[in-house]
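# Structural description and commentary
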Amino acid sequence: MSSEWVDFGAVKAAVSLADVLRSYGVDWLRSRRPGQLEGRCPIHRGQRVDAFHVSVSKNAFQCFACQAQGNVLDFVAAMERCSVREAACLLARRFAVAGGAADPGSAPQSNWLGKKEGMNRPLRFTLRGVDRSHPYLRARGILSETAARFGVGFYGGPGLMSGRVVIPIHDAQGQLVAYAGRAVDGAPPKYRLPSGFLKSQVLFNFHRAAAADRTEAVVVEGYFDCLKVHQAGFAAVVALMGTTLFPAAEALLRKRFGQLALMLDGDSAGRRATERIAQQLAGKCRVRRVIVSAGGQPDQLSEAEITALLARDPGQEGEGR
Ligand SMILES: [Zn+2]
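Residues numbered from 1 in each chain as written. Predicted model: local features only at pLDDT ≥ 70, side-chain atom pairs only at ≥ 80, totals over all residues. Heavy atoms only, no water.

## A short note on the overall build of the protein chain
In terms of helices and strands, the protein chain carries twelve helices and twelve strands. Burial statistics for the protein chain: of 321 residues in total, 49% are counted as buried. If you take every contact in the protein chain between residues at least 6 apart in sequence, the share linking residues at least 24 apart comes to 58%. As displayed, the protein chain has an accessible area near 15100 Å², and 51% of this comes from carbon and sulfur atoms. (Helix = DSSP H or I, 4+ residues; strand = E, 2+ residues; numbered from the N terminus. Buried < 20%, exposed > 50% of the residue type's maximum accessible area, 1.4 Å probe, protein only. Contact = heavy atoms within 4.5 Å. Areas by Shrake-Rupley, 256 points an atom, 1.4 Å probe, with all protein chains shown as cover.)

See below:
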C-alpha cells in the first residue's frame, strides 16, 4: 500500500482547507479578520471558541490549544489519524485531483483506494495510561479483570477521547481499528467515535468470540452489554454497536457460528430489531431469541440473571425462527 504514488504538491495546490473543513462538517468557524477563520478546534474538539485558526490565503491552520498545525494534508492526517501520505491519497481521491491518486486510468491505484475506503484501517497508536478501575466502570458492574481483558478504561490524556472511558474496537483479525469514547459525566455525545469509522464493517468483540470454544454466539446491542455477558461466562459474545446486523457482520457470524442467540434490549427498538434480524437470518442459520424483560438491557442484569436467560431452552427455536 505504500507504493502508491501521489503528488503532494498537486493535492495541496488543488484542495482548499475551506472545502476540506466543509467535507468534515466543520461549519462553525467565523471570520473575525479578513482572510482568517476561527472557532472551536475540530481536531481535539475542545470548547475554546478562539483555539482554531485558519489562514485562507496560506491554506494553513493552527490550533492554540492542542498545538496541531500545518497545511491541508496535516489537517486530514490529524482528523483521520493517518500518515500525511495517506491523507494525500485520500484527498486526491475525494477531490479528484488530476495527477494524484484519483487518476481513473490507473487500475491498481483505484482498486487499492476503493478497497481501503470501505474498510477501517488499523490504528497506528494505542492510548496509554488508561485507568481500568475508574469508578464509572465499577458503577456499571465491570470488574477490573474484564476491563483489562477488553482494554477498557478511563483516558485522561489529550485528544478526541480525552476524559472518556475508551473502548478499543478491533476488526475480525484482531487489529485495533478505533476507540469508542463513552462520556462519564453526561457530556454529549454519549459515545464518540472517530470520523470516518465504519460501523458497518465491524462487529465488536468478534475476534475474541471467534476464538472461544463455542458453536453459538450471543449477539447484543452495546459494548457494555457485551462486557457483562462476557463477565457472566459467555466468551462468544459480540455487540452490533446498535440494532442493525450489517451484511459484513452477518457473514462473519454465519461463517464461524452455527447458531446465534439474539439478546437485544428489552425496549421496543430492541424487540423490533430482534424480529428484523431473525427474519434476515431465516433459513441461513439457527437463531434463538433471548427475551430481556421489558425496559431492561443485558448490561443491567446480574451475572446470574444473564446465565439464567441464556441457559433457557438452548436451540429450541431452530432454523431461522
Ligand atoms: Zn486543537
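Moving on from the coordinates now.
## Some remarks on the coordination of the zinc ion
At the metal site, the zinc ion is ligated by Cys41 (SG), His44 (ND1), Cys63 (SG) and Cys66 (SG), and these contacts range over 2.0 to 2.3 Å. Note that the zinc ion binds four donor atoms; their angles at the metal cover 95 to 126°, and the shape is tetrahedral. Between consecutive donor residues of the zinc ion, the sequence gaps follow C-x2-H-x18-C-x2-C. Of this pair, histidine 44 sits in the loop between β1 (36-39) and β2 (52-55) while cysteine 66 sits in the loop between β3 (60-63) and β4 (69-70), placing them 22 residues apart in sequence. Residue histidine 44 is classed as buried on the basis of its relative accessible area of 18%. Residue class for cysteine 66 comes out partly exposed when judged on its relative accessible area of 30%. (Donors = N, O, S within 2.8 Å, 3.2 Å for Na, K, Ca; no water. Tetrahedral: all angles 85-135°; square planar, octahedral: opposite > 155°, others 65-115°.)

## As for the sheet that holds strand β9 (residues 216-220)
Strand order across the open sheet formed by four strands is β10-β9-β11-β12, with parallel pairing between neighbours. Two strands in the sheet have a free side with no partner beyond their single neighbour: β10 (237-239) and β12 (286-289). Going from strand to strand, the sheet's axes swing by 25° on average, the running direction of each strand aside. Where β9 and β10 come together, three bridges link them in parallel fashion. Pairing of valine 218 across the sheet is with valine 237, part of β10. Here helix α9 (residues 223-231) sits on the sheet in contact with β9 and β10, set at roughly 170° to β10. (Pairing = 2+ DSSP bridges. Axes fitted to C-alpha atoms, helices over the stretch in contact; angles between N-to-C directions.)

## Topic: the packing of aromatic side chains
Tallying each qualifying case throughout the model produces ten aromatic pairs. Measuring from centroid to centroid gives 6.0 Å for tyrosine 136 and phenylalanine 224, while their planes differ by 75°, and the two rings are edge-to-face. Of this pair, tyrosine 136 sits in helix α6 (residues 135-139) while phenylalanine 224 sits in helix α9, placing them 88 residues apart in sequence. Across this residue pair, the class does not change: tyrosine 136 and phenylalanine 224 are buried. Among the aromatic residues, those joined into a cluster by ring pairs are Tyr24, Phe52, Phe61 and Phe75. Taking the ring centre of phenylalanine 224 as reference, the NZ or CZ of arginine 140 above it sits at 4.0 Å. It is arginine 182 that lies over the ring of tyrosine 191; its NZ or CZ is 5.3 Å from the centre. (Phe/Tyr/Trp six-rings, centres within 6.5 Å; stacked < 30°, edge-to-face > 60°. Lys NZ or Arg CZ within 6 Å of the ring centre and 35° of its normal.)

## A word on the nonpolar core
Ile169, Phe204, Phe224, Val229, Met263 and Leu310 are the most contacted members of the largest nonpolar core, which has 36 residues in total. Mapped by element, the contributors of at least two residues to this core are α6, α7 (144-150), β6 (164-170), β7 (176-183), β9, α9, β10 and α12 (303-311). Considering every element that reaches this core, the biggest residue donor is α9, with five residues. Excluding residues within four positions of it along the chain, valine 229 makes contact with Val218, Val220, Phe234, Val237, Met263, Pro298, Ile306 and Leu310. (Core = buried A, V, L, I, M, F, W, Y, C linked by side-chain atoms within 4.5 Å.)

## Thoughts on the side chain of asparagine 59
Its location among the elements puts asparagine 59 in the loop between β2 and β3. Relative accessible area serves as the criterion here: at 15%, asparagine 59 is assigned to the buried category. Within polar-contact distance, the side chain of asparagine 59 engages the backbone oxygen of valine 15 at 3.0 Å. The residues touching asparagine 59, leaving out its near neighbours within four places in the chain, are Lys12, Val15, Ser16, Leu17, Gly70, Asn71 and Val72. (Polar contact = N/O pair within 3.5 Å; in protein donor to acceptor, adjacent residues only side chain to side chain.)

## Regarding the pairing of strand β11 (residues 259-262)
Side chains Gln259 and Ala261 of β11 all project onto a buried face; the interleaved residues Leu260 and Leu262 project onto the opposite face, where all are buried too. When β9 meets β11, the two strands line up parallel, connected through four bridges. By the bridge assignment, glutamate 216 is partnered in β11 with glutamine 259. Assessed by its sense of winding, the connection that carries the chain from β11 through helix α11 (residues 268-281) to β12 is right-handed. (Right-handed = clockwise from strand over helix to strand, strands pointing away.)

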